[in-house]
Each structure stands twice: as C-alpha cells, then as structure tokens.
Amino acid sequence: MKRVLILGGTGDATQLAAKAATIPVEIISSLAGRTTNPISPTGNVRIGGFGGETGLTNYIKEMNIDILIDATHPFAAQISFNAAIAATNTNIPRLMLIRPTWEKQPGDIWIEVDSVESAAATLHNHAKKVFLTVGKQQLPAFAKLSDIWFIMRLIELPLPSTAVPQGIFLCDRGPFSLDNEREILQKYNIDTIVSKNSGGDATIAKIIAAREFGIPVVMVNRPPTPPGERVSNVDEALIWLMKKLDNN
Ligand code: NAP
C-alpha cells in the first residue's frame, strides 16, 4: 500500500486524513506540536518538527513515503518551502492544499498589509480597542502598543514569558458563528480587527460582522508559496490523490 504524508495543523488536513481513510492508502499526518491539545487526525499521527528540509528529506526516505500532501496553513510558509525541497530531493509527488483567500466585498474596510509587524505599525494611527486574531506566536509584535487595548483570541494561552500587549485573552477554537463575532465586537466596543487572510469558512464570520458594523479590518496578506501542483479544497485533494494512486 502506498504511504502518504500529510503535513497538517489545519481543519482541511484533518478532513483530508478522515476522507483518505476510506481509500486503500496509508496515511501519516504530521503536526508541528504548537498546541498542547490538538485535534488529532484519523490514522497515524506524528508530532514535532523534522529538522528543516534535510530532516524532512530524511524522514521521507526512512519512512518510505510515496506521496506528500502539504495541507498546512497558508501562513506556515517555512514548512511549505521545506516540503517543496524535500519532495524534489526524494523525487516524490507533492500537492499543496491551499484554500482560496478571502476577497474584499462591497462594504469591507480593509487595510491590507504584508506582515504582522506592518499590521502593528498601522494600528498605532487609529485603533483604541482591537480584536486580535493572529495567533499566539504573533503577539510580541503588538506588545509595545501601550495606547491600545486588545482582546486576543487564541486556541490556548501563550507561555508566561511571551511578550503580549495589554488586554484580555479569549481562548477558543473555530469555527465561529456570525452571532458570536457580532457579540464580541459589540460587547468590547471594538474599533479595529486584525486578521490574517486565512481564507475558508471557519473564521470568516468576524470579517462579515466587521462589514456589517463598518469596522476596519487590518488584513495581513499571505506570504508567497513555493511553485507546484495545488488544489483549493479537500475533495480536489482526494481526487488528486486517487489519480496518483491509479497512475502508480
Ligand atoms: P512554519 O513557520 O511554516 O514552520 C516552522 C517550523 O515548524 C517548520 O520549519 C517545521 O520545523 C515545523 N512545522 C511546521 N508545520 C509542521 C508540520 N505540519 N509538521 C511538522 N513540523 C512542522 O509554521 P508555523 O506558521 O509555525 O505553523 C506551525 C503549524 O501550525 C503548521 O502545521 C500550520 O499548519 C499550523 N497553523 C499555522 C497557522 C499560522 O498562522 N501560521 C495558523 C493555523 C495553524 P522543522 O524545520 O524542524 O521541520
């Protein structure tokens, strides 16, 4: 049976592992190990970094991986470039599963920036109460903004040693409903949202709520991805996988 490595850490990767369990293939899902209580995908799971592109290349060789599917988050750029190099080194097929970006709609007030650091610099000009949804690793970029109060939504709390801005934590995991997001914006009198352009349905409700209330969104654009075959949803990834299995 062919062995497939899915680089995960996303809902799409978890769904793909579940769907691929219905076809004759062996799946290993890989998680970075950033959260202490991750949603565990169906089937075999390994946790932790590989040790760069060389470590991933060695893992693919040692584990006799036949196919690599990079279903990591669109902002997890390093692992995607490592995957591209490792797949080339080992001459195995690689697919990127990348959900489409959110596109600006009429009524949206977006301030588009290319990095979380630029998002922090932009806030300085106009925000007082910010709904920050960029993840715990990015909190230090906002830590020096002492004139701004933040509600920081995270899957889990950062380490006590992490530099964080003033405000409160809200530990929660998507998907989030529109009512939930409306309530946060109203209850905390939010004047600005900071979001990565993650795409997908699970976290789009905050963008819709911001549109309804006329609240600006500082939208962090995605980093570049490596070249290579790509699909935009789980079903397309499954079809790609089945074709690859048929051809081998
Ligand atoms: P990153 O910057 O691209 O990767 C940094 C390092 O983390 C990689 O070099 C690799 O370590 C390790 N790594 C990342 N993903 C891995 C995986 N699936 N399996 C094993 N090792 C992995 O990634 P990141 O932005 O820190 O994100 C880490 C994980 O969280 C990813 O799996 C991603 O899908 C998920 N995630 C990220 C975001 C986000 O906004 N960045 C949001 C939601 C979920 P080695 O070099 O040692 O192999």
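Check the entry above for the structure.
Residues numbered from 1 in each chain as written. Predicted model: local features only at pLDDT ≥ 70, side-chain atom pairs only at ≥ 80, totals over all residues. Heavy atoms only, no water.

## Section: helix H4 (residues 116–126)
For step 1, the next point in the chain: Turning to H4, its buried residues are Val-116, Ala-119, Ala-120, Thr-122 and Leu-123. Buried residues in H4, looked at end-on, bunch into an arc of 165°, giving them a common side. Facing away from the buried side of H4 by more than 90 degrees, the exposed set consists of Glu-117, Ala-121, His-124 and Asn-125.
For step 2, the next point in the chain: Buried-residue contacts for H4 involve strand S6 (110–113), strand S7 (129–133), strand S8 (149–154), strand S10 (192–196) and strand S11 (217–220). (Buried < 20%, exposed > 50% of the residue type's maximum accessible area, 1.4 Å probe, protein only. Helix = DSSP H or I, 4+ residues; strand = E, 2+ residues; numbered from the N terminus. Arc of directions from axis to C-beta. Contact = heavy atoms within 4.5 Å.)

## Some points on the site of the ligand
For step 1, the next point in the chain: Taken together, 23 residues sit near the ligand, with Gly-8, Ser-30, Arg-34, Phe-50 and Lys-196 positioned nearest.
For step 2, the next point in the chain: Between an oxygen atom of the ligand and a side-chain N or O atom of Arg-34, the distance comes to 2.9 Å.
For step 3, the next point in the chain: For the ligand, whose unbound accessible area comes to 810 Å², protein coverage reaches 79%.
For step 4, the next point in the chain: Among the elements of the structure, strand S2 (26–31) and helix H3 (77–90) are those that each provide at least two residues to the shell around the ligand.
For step 5, the next point in the chain: Ranked by the residues each element gives to the shell around the ligand, the list is headed by H3, at four residues.
For step 6, the next point in the chain: When the residues that make up the shell around the ligand are grouped by side-chain class, the tally is seven nonpolar, 13 polar and three charged. (Near = heavy atom within 4 Å. Polar contact = N/O pair within 3.5 Å; in protein donor to acceptor, adjacent residues only side chain to side chain. Areas by Shrake-Rupley, 256 points an atom, 1.4 Å probe, with all protein chains shown as cover. Nonpolar A, V, L, I, M, F, W, Y, C, P; charged D, E, K, R; others polar.)

## A closer look at the environment of Glu-112
For step 1, the next point in the chain: Of note, Glu-112 is situated in strand S6.
For step 2, the next point in the chain: Separated by 84 residues in the primary sequence, Glu-112 and Lys-196 have C-alpha atoms spaced 9.7 Å apart.
For step 3, the next point in the chain: Other than its neighbours up to four places away in sequence, Glu-112 contacts Lys-104, Met-219 and Asn-221.

## Details of the packing of helix H2 (residues 52–62) against H3
For step 1, the next point in the chain: Where H2 meets H3, the axes come as close as 8 Å, and the angle between the chain directions of the two elements is 45°. Looking at the two axes, H2 sits oblique to H3. The two elements H2 and H3 cross, and the hand of that crossing is right-handed. For the pair H2 and H3, the contacting residues are Gly-52, Glu-53, Leu-56, Thr-57, Ile-60 and Lys-61 in the first and Asn-82, Ala-83, Ile-85, Ala-86, Asn-89 and Thr-90 in the second. (Axes fitted to C-alpha atoms, helices over the stretch in contact; angles between N-to-C directions. Parallel < 35°, antiparallel > 145°, perpendicular 65-115°, else oblique. Left-handed = near helix turned anticlockwise from the far one by under 90°.)

So yeah, pure geometry; function would need other evidence.
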